[in-house]
Amino acid sequence: MTLPAIQVTQLEKAFGALQAVKGITFEVAPGEIFSLLGPNGAGKSTTISIISGLLAPTAGEVAIFGRSILREPNAAKAMLGVVPQDIALYPDLSARENLVFWGKMYGLRGAELKHRVDEILAVIGLTDRQKDRVSTFSGGMKRRVNIGAALMHRPSVVIMDEPTVGIDPQSRRHILDNVKDLNRQGMTVLYTTHYMEEAAELSHHIAIMDEGVIVACGTHDELIRLVGEQTRIDLRLNAEAEKVMAGMSAVKGVSKVTSLDGTVTVLVDDSNRVLPRLFEVAAQVSVRILSVDIQEPNLETVFLHLTGRALRD
Amino acid sequence: MRILELALKDLQQILRDKRQLIFLVLMPVGFTLFMGIAFKGVVQKPDHRLPLGWYNQDVNGRFTEMLRSALSANPDLNLYTVKPNELAKARQNVANKYTGGVLVIPPGFSDSLLGSQPLQIELIADEYTNLGQSAYQYTRAAVTRLFGSLEIARLSTEALAQSGAALSESEKTALLPEVAAEAFLKWEQIGSSGVEIRLENATNLPEEALPLGGNPYNQTSPGILVQFTIFGLISSSAILVEERKTRTLQRLFTTSMPAGSIVLGHLLANFAVAFGQQLLLVVFGQLFLQVNYLREPAAILLVMIALSLCVSSLGLLISVLARNESQSLLASLILMFVISALGGAWFPLETSGKAFAAVGHLTPGAWAMDGFQNIIIRGQGFASVLIPAAVLLGYALVFFFIGSMRFRANVNAG
């Protein structure tokens, strides 16, 4: 029987009165990309920190290929490469010096270390800038070195905590392609993000987290099926959303209505049949609909369906 | 091995910043020299000789020169030249008892001694004071020697003439100074080869009994060494604070390196900085300031190691307790000033009174100074540094224990 790459069982973490993670359980199979998707504050980073051995859980267990991160931390950590959300590099050292240092911390030495540094510099596309101090790099370049440092020891499992936050589209594309390449090479990837497009593009399995719990877990298609054939309609109004929300909720075929920043989001079974009724409701309270955006079911729809809130909330 | 790599990385970061050279090397060397100059007055030997002014109007006079050499040779006299425009001031100094007297040699004094009417020399002195009496006695002895030599010369030339030697009056006159000089010299030789009473000046202390062993740098060299070793806390504690800020410390915890090894790695770097800096200052003190650290090299090495461990553990404690760089900088500066001032790094604790010295010995600085000064000032042996070194190691253990406990607590709290 193949051991799961990551096995999380009844994991809990409390910071004083705040229960950040509330008894979550999931497994990541070897060789897959598994994404934790959820808004900021959902508990993704706390979960990642516990899996990485940075935080001790209040309760529960984490195992990496059967090795407990609590009881055999060194053995478990040796199989992990962690890409933290923050740029965890020494800004006054060059890209090469950073990679050399982290390689040594992962136990590499001599010719193997040198070869691996050259290899990683090529992978992250920074061979030409290897002698420049990290402090002189752009945000995207720093992110790439940040990832490279975690790959130095060819870990079996790579944990990436929101690695594309705050970077330009070109660097983001580069990172996403890197993640796919790593996975093709056989690495298991645990990826957290609040961008549903990234989760959809990369993941074999996705766990949707909200308020410390996993609200759904499965493949992309399995999750989409949770909302059935529902369509998402975003309506931009010329007035406050509260004026229309009650009326729209009462329309037959509407399953959920939420609002954010003057835009009302409605989940419907059949947009062709329901949309005229929504216009009528708006007209009844003298509200004008300025624009309409109809979207086929996606992870955002799933999250909305499950939590009643948008991912970007 | 990874502990060493972590320490080397820390050192690379510290030494890459060229400003560190100012704090680690240039400032301590500069302060040592500056403070040494300030302490110079403390260790100068007091001059107990009697000051006697020499106002000579008989320039190139042969007998005058003999008189001057006789006075200069007197170890109890400090003969100093008075220029014509300084005579009034010299008189005032006599009146104020700053000087024993001023000897005034009239013009033509030497020539007058060859004739029948020798000129009088004048001693300006206060005869009612010990200074004046002493000046008179010392002058009288020298003048007696000069006149005695001259009389011997006269008698000798007379005897030579009476023995049948054909000497004209002018030849006798020419011969007289030569013979007098010879007699004057012989007098001196008799004095040094015959029985003499040796007087030991009770105020002439041996070197080691002088303040600071006779060398101001015996205080300032170890003092500034202790102060700037503690000053090194700023850079050593900042490294760990910076690691927390850049999240590299958290990243280190995701590797398989145990937390204890991470602490030891940083501690090793702190130790290397503190020890390296001390080594540099000890070599500088030994080679350029004549501070005899190498009198007991093993003892000095022990104190250096103990102080380095103490300071590096303190650096660890500060870096764990400080929430940011400002707090770490502030704590390091406060500790440096308090430990240096109370610990006797700026001035010898012996001069500060018992209570102050007792309070000072609550700081590791005082024990480090004790260790160094027991060797370089008090001339003691290896055993004399055992207690100071033990106390420093005790401090190191306490700082390390609290620091590593807090470190682990921080790790567990995330």
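Keep in mind the model is a prediction, meaning the values are calculated, not measured.

A. Region of the structure containing the interface of chain B and chain A. Each side of the interface is counted separately: chain B has 19 residues, and chain A has 22 residues. Where the side of chain B that touches chain A is concerned, the elements lending two or more residues are helix H1 (2-16) and helix H10 (248-253) of chain B. Residue composition of the side of chain B that touches chain A, grouped by class: four nonpolar, nine polar and six charged.

B. Representation of H1(B) in the model. Residue and element names in this part refer to chain B. Compared with the 21 Å implied by 1.5 Å per residue over 15 residues, the 21 Å span of H1 between its first and last C-alpha is a close match. Residues Leu 6, Ala 7, Lys 9, Asp 10 and Gln 13 constitute the buried set of H1. The buried residues of H1 occupy one face: seen down the axis, they fall within an arc of 155°.

C. Quick peek at the pairing of strand S8 (residues 188-193) of chain A. All names here are of chain A. The buried count for S8 comes to six of six residues, which makes it a mostly enclosed element. For strand S3 (residues 33-37) and S8, the ladder comprises five bridges, and the chain directions are parallel. Each residue of the ladder has a partner; that of Phe 34, found in S8, is Leu 190. Pairing of strand S7 (residues 157-161) with S8, which is carried by five bridges, proceeds in the parallel orientation. Directly across from Val 158, in S8, lies its bridge partner Val 189. A crossover links S7 with its parallel partner S8, the connecting element being helix H6 (residues 169-184), and its sense is right-handed.

D. A look at the nonpolar core. Grouped together as the largest cluster of nonpolar side chains are 163 residues, with contacts concentrated most on A:Val158, A:Ile159, A:Val266, B:Val303 and B:Cys310. The greatest single-element share of this core, amounting to 15 residues, is contributed by helix H12 (residues 297-321) of chain B. For A:Val158, the residues in contact, after removing those within four places along its chain, are A:Gly81, A:Val83, A:Ala150, A:Leu151, A:Leu182, A:Met187 and A:Val189. B:Ile105, B:Ala153, B:Ala180 and B:Phe184 belong to the second largest nonpolar core, which has 28 residues in total.

E. The sheet that holds strand S11 (residues 231-237) of chain A, seen in detail. Residue and element names in this part refer to chain A. One open sheet holds the four strands; their spatial order is S12-S13-S11-S14, and the pairing between them is antiparallel. The open sheet has two edge strands with one neighbour each: strand S12 (254-260) and strand S14 (289-295). Strand-to-strand twist across the sheet, computed as the mean angle between neighbouring axes with direction ignored, equals 20°. Note: S12 against strand S13 (residues 263-268), six bridges, orientation antiparallel. Across the sheet, the residue bridging to Leu 260 is Thr 263, located in S13. Helix H10 (residues 271-284) rests against S11, S12, S13 and S14 of the sheet, and its axis sits at about 25° to S11. Packed onto the sheet, helix H11 (residues 299-307) meets S11, S12, S13 and S14 and runs at close to 85° relative to S13.

Reading the values: the criteria
Residues numbered from 1 in each chain as written. Chains lettered and ligands numbered in written order. Predicted model: local features only at pLDDT ≥ 70, side-chain atom pairs only at ≥ 80, totals over all residues. Contact = placed C-beta atoms within 7 Å. Helix = DSSP H or I, 4+ residues; strand = E, 2+ residues; numbered from the N terminus. Nonpolar A, V, L, I, M, F, W, Y, C, P; charged D, E, K, R; others polar. Expected span 1.5 Å × (residues − 1). Buried ≥ 20, exposed ≤ 12 C-beta atoms within 10 Å, placed from the backbone. Arc of directions from axis to C-beta. Pairing = 2+ DSSP bridges. Right-handed = clockwise from strand over helix to strand, strands pointing away. Core = buried A, V, L, I, M, F, W, Y, C linked by C-beta atoms within 7 Å. Axes fitted to C-alpha atoms, helices over the stretch in contact; angles between N-to-C directions.

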